[in-house]
Amino acid sequence: MPKTVLLAPPENIMVRCDNLVKIYKSKDIEVMALQGLDLEVERGELMGIVGASGSGKSTLLNMLGGLDRPSAGSLYVDGKDLLKFKDNDFIEYKRRTVGFVWQNNARNLIPYLTAVENVEMPMMLSNYSERRKRAEYLLDMVGLSARKNSMLGQMSGGEQQRTAIAVALANNPKLLLADEPTGAVDTKTANNVLEVFRRLNKETGVTIIIVTHDTNLAKHIDRVVAIRDGKTSSELIRKKPLLTNVSFEELSEQQQAEIRAMQESGAHEELVLLDRAGRLQIPKEYLNALGINGGDRVRVELEDDKITIYKQ
């Protein structure tokens, strides 16, 4: 059988995972954290990844951030094949291509430095010119100009997290990764932090991937991918109104009001993902309703424009 050759993704794709596998080994034990995951993220997209503990979402984020290596499959970021990276390639990748925001601010910020000094630090390591000017600009973007000279202990949790976002943007990365960025703050602060990500994405065009267990994320993001058992299982896509050939201004006041209400409510629809091998994960509640368990045989039939699954 001829070997399948995977080509680099087109220019508009920032991240592409094909049949991505990650196996952790400990003595005689092997754990598959990712089991053939497929994912594409377009340049300039703001998307979320959700999943239960152990689903593989943090493993995926670590590989996208250059902190871990895939075991098999294909992983491209910004046109670069991360499976071919050597140690020096990862150093340059983490310095130039990707920024990271951790849930634990102890990993994001240095407590004895001010906010503006924290933002300057990554630029010092990269010999970035006009560091103070850019640091102040980034703090202004996240709404912290008035707190630029504050120390870590003088800031609230939300202010610390917004400072961490500014730090992650310091070297102008093409991809910004955030691991549970709202996990240590209250709901109101979490909403503020997520709105900062949304505004930065819109104003700068940076591609942003947020990993979280917070279901409230979907209200702020158009596309949310769910991972289960090491694979992408479903997506939540924000419903978009059908305007056909009519512009928004040509609609009646009632129609405009209905569209605005849909946009503000964050109305989404859930779609099950079909991987490149033709496999899909059927929602557990559907299987439970039919009394179908993993490993059971089922009958699948094509009926007109739909595929139907029957219990044997």
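What counts, and at which threshold
Residues numbered from 1 in each chain as written. Predicted model: local features only at pLDDT ≥ 70, side-chain atom pairs only at ≥ 80, totals over all residues. Heavy atoms only, no water. Pairing = 2+ DSSP bridges. Helix = DSSP H or I, 4+ residues; strand = E, 2+ residues; numbered from the N terminus. Contact = heavy atoms within 4.5 Å. Axes fitted to C-alpha atoms, helices over the stretch in contact; angles between N-to-C directions. Parallel < 35°, antiparallel > 145°, perpendicular 65-115°, else oblique. Left-handed = near helix turned anticlockwise from the far one by under 90°. pLDDT = per-residue confidence, 0-100.

A word on the sheet that holds strand β1 (residues 13–26). Judged by pairing direction, the sheet is antiparallel, and its four strands sit side by side in the order β2-β1-β4-β5 without closing on themselves. Each edge of the sheet is formed by a strand with only one pairing partner; in this case those strands are β2 (29–42) and β5 (80–81). Note that β1 and β2 share eleven bridges and pair antiparallel. Residue pairing for β2: V21 is matched across the bridge by Q35. Sheet contacts for helix α1 (residues 57–64): β1, β2 and β4 (72–77); angle to β1, the most-contacted strand, approximately 115°.

One can describe the packing of helix α4 (residues 115–125) onto helix α5 (residues 131–141) by two numbers: an axis separation of 9 Å at closest approach and a directional angle of 125°. In this view, α4 runs oblique relative to α5, as classed from their interaxial angle. Where α4 crosses over α5, the two elements pack in a sense that is right-handed. Contact residues: A115, V116, E117, V119, E120, M123 and M124 in α4; R131, R132, R134, A135, E136, L138 and L139 in α5.

On to the confidence of the model for the protein, then. The pLDDT averaged across the protein works out to 80; a share of 79% of its residues lies at or above 70. Of all secondary-structure elements in the protein, the lowest mean pLDDT belongs to helix α8 (residues 253–265), at 51, while strand β7 (residues 175–179) reaches the highest, 93. The low-confidence segment residues 240–246, where pLDDT is below 50, has seven contacts with residues more than four positions distant or belonging to other chains.

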